[in-house]
Structure formats: structure tokens, C-alpha cells
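Observations on chain architecture
Residues per chain are reported as follows:
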Amino acid sequence: MIKTDAVIIGAGPVGLFTVFELGILGLNSHVIDNLDKAGGQCIELYPDKPIYDIPALPVCTGESLTNNLLEQIKPFKNEFHLNQRVNTIKKNNKNWIVETSDHLIFETPNVIIAGGVGSFEPRKPPIEGIERFEDKNLFYSVKNKNQFSGQEVCIFGGGDSALDWAVELSKIAKKIILVHRRDEFRAAQHTVDQMMKLKESGKIDLYTNCQPKDFIGSSSIEKIIIEDNQKETKEIKVDSVLAFFGLKMELGPIVNWGLNLDKKTIVVNTHNFETNEKGIFAVGDICSYPGKLKLILCGFHEAALAAQECFKRAKPDEKYVFRFTTSSSDIHKRLGLK
Amino acid sequence: MPKVTYIEFNGTEHVVNVEKGLTIMEGAVQNNVPGIDADCGGSCACATCHVYVDDDWVDKLPEQSDAEKDMLDFAFETKGTSRLGCQIFLDEELDGIAVSLPEKQG
């Protein structure tokens, strides 16, 4: 069990700035995110797209904003716990017990949800009942490539993940069956060329303009049915299936935590951005209140105000003093300045 | 103002007047038409504003950008008439356009 002043759910820009606002008040924090890196939507969806409305930054990108925030919070040495999401939050007297999908357990007076539009989850093929195949022989990522050795592997998708794995697994698999919705690919040209060569040499069977129609099998997939643009179907025997249809965002377990929700957002007050539960806060795109704007800059403001209440809960015996970063020697110490 | 008809998957029709210069996605979100999520807020980065454009209107739309084609790979049950609502800007030319919404987004 990890004891901490605050657990932040979501490593997007607002989650990262929350680390800063807590840090200058002398509070430590742990950040949990379902992606494999910090940055949230900024990094996963639009790393290269310009953002023009961050105060005092005439233009930045999702990636540069993330990097700058990571630089800004460095002095606080907070810990990140990536590739996992928070499954449960339970009350324990005045504290909260937070458990992740990797069974990390935290005890904290403050939980700050900076979850954007939810956690990123793999997008699944639109086929009913495929959950029964998941982790048997249907996968959305490759954890151990050797399990595909000697197999006939069907890969769905036309992006970098699909093509990289098609090329890589063709070295150990018996055959790769690559199925894509279009006849153009979104991957690096070099990889597309490699894949085309493997197709010519017979290592890869390529089906373009095709989509998955059905997966047949009782407990694991035995064959797949794909359909082309002319609605013609084809049955293919497979040993395993990899589907790379990108990521989507889902609110996930958050809906089970007893918080007041408004559609896909969490209702908060505008005094300290606390939810209906004491010590659980929501900031950034995931919170809602009258007049809410889904802007990064609004999230920064929300984080600053939530942090004040977090201080009172984490250090009930200490007097809260408002300080500016320009002049406070305490803050300078926390920032590692002399 | 261009008039847009949104047809939900269950057949419910919503006819709304949308300000010129806004997108099909924005027209739906601002008028509370259910069935368009627009998770990324219109930056052509998520494929949750997927619509099927009425056959009569498909040819009147500007061509898909590469970015839109790439994102449509991730949409649920695409057809030949699939587009992303955030990439269709409304003007007088498109007055009267109709779009159907998929069973779900993503």
C-alpha cells in the first residue's frame, strides 16, 4: 500500500499541471494513466497539431506542451504508474483506497480525476460476443511475440501497428493474413514496401477493401469471415487474430464510484472542484459546472483551486498560507532553487 | 442558414438549421442531436463523429483528406458513404443535406 497526499487519475496536461499545483504546496502525488506515456489526448491524438490558446505561448503542439509540463513538474519527483487504470475507489475513514488494474493500492486523502473523456481502450472489431475470444487467441496488442511462432496469424488494420507486426511476425509465423478496410496504408512507406515484398514472396496474404464480418469458434477463433466492398464474403482458417483498430476513449469504471454524473462528465462545484464525495475532485475536460469550457487553460485554473482544498485535507494541522512563486522561499525550496 | 437532417440509428429525425461555416459535427453537438460523440472536439483525431451521408449528397462534398481517410479506418461499420462530421463544413450549397448516424461511435 502506497500512502500519498494525492492520487491523480490521468496524465494529460491538466493532470500534469495538478502535480505542479500540489507540489508547490508541498504535497506529493502519484499519477495513474492507462496509456503507456504521459500527455493524454495531446500526445495520443494530436501530438503535431498546433494549439494557439495556451496563455503566453502563442503556439505550441500537443507534444511540446506535454514536454514543457513534464519539465515544469520535474522538481517534485512524482511517480507515474502507466499502462493501468484505476478500477476501484473505496472510502476508509477520511481517506480513499485506490486500486489499479495492476493491483497497485494507494491510501490518500485526495483523489483528483483529470480523466479527459475517459481512458484510452483498444477499439474492438464490430462483432458480437467476441469477448469470449479475448486473450485466448484474439489480441489487441502483442505482449509475447513468440506465442505466434508457427501459426497462421490474421492481422486487421492498416496503420503502423498492423504493418509493423505483420512484417515482424512474418519471420516466425507460418503465415500472416493481413486484412485492411482500404487499399492505402497509414504506415511508414518503408514498412509498406517491406510488407508488399513479403506478399510477393507468399509470406503474407493481403486482403484490402475488406472488413471483418464474423469470427467463428466456440472458445477460441477457428476461422474468420471477411467481407469486401461488393459484399462478397470469404472464410479463412486462422490460429490467432490481432486487431489493430486504434484506441477509443471510455469513461470506464469511473461510472461506478458513486459520483454525480452529467452525461459523460463529473459534476463539481466551482469553489474547489470537489465532487459530491469529499476528497474526490474532478478537473479538466471530465468535470462539468455551469459555464464549463473544455479548454486546457480552464483545466489549469481548476487544478490550482482543487489543490488548495487538497492541502487542507492532507495537512489538517498545518496553517494554509497563500504564496506567490516569485517570492516564497518555501516554494523556491520545493522547486529545488537555492 | 443551411438546414441539416440528422437521422438517428433508430430512425428518429432531427432537422436543424446550422450556422454557415460550422461542421456537421458541430451542428449536431450544439443542437443536442444524440449519436455523435466528438471526443476529440473536431481535430480529426478520433472518428467518433462518423456519419453516413445521404446518397444524393455524397458527390457534392469536397474530397476526403488523407487524415480523414486514416481516421475512418477506426470508425464503426464504415460504408462507401461514410464521412467524419467534423470535416464537412456547411454552406448554402449543402442546404438540405441529410446524414444518418451509425449504431454507435467507436
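For clarity, every value in this text was computed on a predicted model and none was experimentally measured. (Residues numbered from 1 in each chain as written. Chains lettered and ligands numbered in written order. Predicted model: local features only at pLDDT ≥ 70, side-chain atom pairs only at ≥ 80, totals over all residues.)

**Quick word on the nonpolar core**
Residue and element names in this part refer to chain A. The biggest cluster of nonpolar side chains holds 61 residues, and the ones touching the most others in it are Val153, Cys154, Ile155, Ala166, Ile176 and Val241. Setting aside residues no more than four positions away along its own chain, Val241 makes contact with Asn137, Leu138, Cys154, Phe215, Ile221 and Ile224. Ranked by size, the runner-up nonpolar core spans 49 residues in total, among them Ile9, Val86, Trp96 and Phe281. (Core = buried A, V, L, I, M, F, W, Y, C linked by C-beta atoms within 7 Å. Buried ≥ 20, exposed ≤ 12 C-beta atoms within 10 Å, placed from the backbone. Contact = placed C-beta atoms within 7 Å.)

**As for the sheet that holds strand β19 (residues 240-243) of chain A**
Residue and element names in this part refer to chain A. Within the open sheet, the five strands sit side by side as β12-β19-β13-β14-β15. Their pairing is parallel. The open sheet terminates on both sides in strands that have one partner only, identified here as β12 (138-139) and β15 (204-207). Running at roughly 165° to strand β13 (residues 152-156), helix α4 (residues 160-169) makes contact with β13, β14 (175-179), β15 and β19 of the sheet. (Pairing = 2+ DSSP bridges. Helix = DSSP H or I, 4+ residues; strand = E, 2+ residues; numbered from the N terminus. Axes fitted to C-alpha atoms, helices over the stretch in contact; angles between N-to-C directions.)

**Section: the domain arrangement of chain A**
For chain A, the domain assignment lists domain 1 (2-121 + 248-334) and domain 2 (124-245). Between domain 1 of chain A and domain 2 of chain A, the C-alpha centre-to-centre distance is 38 Å. (Domains from an automatic or database assignment.)

**Quick notes on the sheet that holds strand β21 (residues 261-262) of chain A**
All names here are of chain A. The strand order across the open sheet built from three strands is β21-β22-β24, with neighbouring strands paired in mixed fashion. Of all strands in the sheet, those with a lone pairing partner are β21 and β24 (287-288), marking the two edges. Relative to β24, strand β22 (residues 265-267) runs parallel, the two being bridged by two bridges. Bridging from a neighbouring strand, Val267 pairs with Ser288 of β24.

**Quick notes on unusual backbone geometry**
The phi angle of most residues is negative, glycine excepted, and most peptide bonds adopt the trans form. A positive phi angle is found at Ala56 of chain A, which is not glycine, with a value near 70°. Mapped onto the elements, Ala56 of chain A comes out in the loop between β4 (50-51) and β5 (60-61). If you check the backbone angles, Glu77 of chain B has positive phi at about 45° while not being a glycine. Considering the arrangement of structural elements, one finds Glu77 of chain B in the loop between α3 (66-72) and β4 (82-84).

**Thoughts on the confidence of the model for chain B**
Overall, the predicted model of chain B reaches an average pLDDT of 93, with 100% of residues at or above 70. For this predicted complex, the interface score ipTM comes out at 0.74, while the overall pTM is 0.83. (pLDDT = per-residue confidence, 0-100.)

**Section: the packing of helix α1 (residues 13-24) of chain A against helix α3 (residues 62-73) of chain A**
Residues and elements named next belong to chain A. Packing of α1 against α3 leaves a shortest axis separation of 9 Å and a crossing angle of 20°. When the axis of α1 is compared with that of α3, the two are roughly parallel. In the packing of α1 onto α3, the handedness of the crossing is left-handed. Across the interface between the two elements, Pro13, Leu16, Phe17, Val19, Phe20 and Gly23 from α1 touch Leu65, Thr66, Leu69, Leu70, Gln72 and Ile73 from α3. In the contact of α1 with α3, the residues fall into nine nonpolar, three polar and no charged. (Parallel < 35°, antiparallel > 145°, perpendicular 65-115°, else oblique. Left-handed = near helix turned anticlockwise from the far one by under 90°. Nonpolar A, V, L, I, M, F, W, Y, C, P; charged D, E, K, R; others polar.)

**Topic: the pairing of β19 of chain A**
Residues and elements named next belong to chain A. The side-chain alternation of β19 yields two buried faces, one formed by Ser240 and Leu242 and the other by Val241 and Ala243. By the bridge criterion, two bridges tie β12 to β19 in an arrangement that is parallel. By the bridge assignment, Phe139 is partnered in β19 with Leu242. Taken together, the four bridges between β13 and β19 define a ladder with parallel strand orientation. Directly across from Phe156, in β19, lies its bridge partner Ala243.

**Points about helix α6 (residues 296-314) of chain A**
Residues spaced three or four apart along an α-helix point in a common direction, a consequence of the helix completing one turn every 3.6 residues. All names here are of chain A. Compared with the 27 Å implied by 1.5 Å per residue over 19 residues, the 26 Å span of α6 between its first and last C-alpha is a close match. For α6, the complete set of buried residues consists of Ile296, Gly299, Phe300, Glu302, Ala303, Ala306, Ala307, Cys310, Phe311 and Ala314. Of the surrounding secondary structure, the elements contacted by the buried residues of α6 are β2 (6-9), α1, β10 (111-113), β23 (280-282) and β24. (Expected span 1.5 Å × (residues − 1).)

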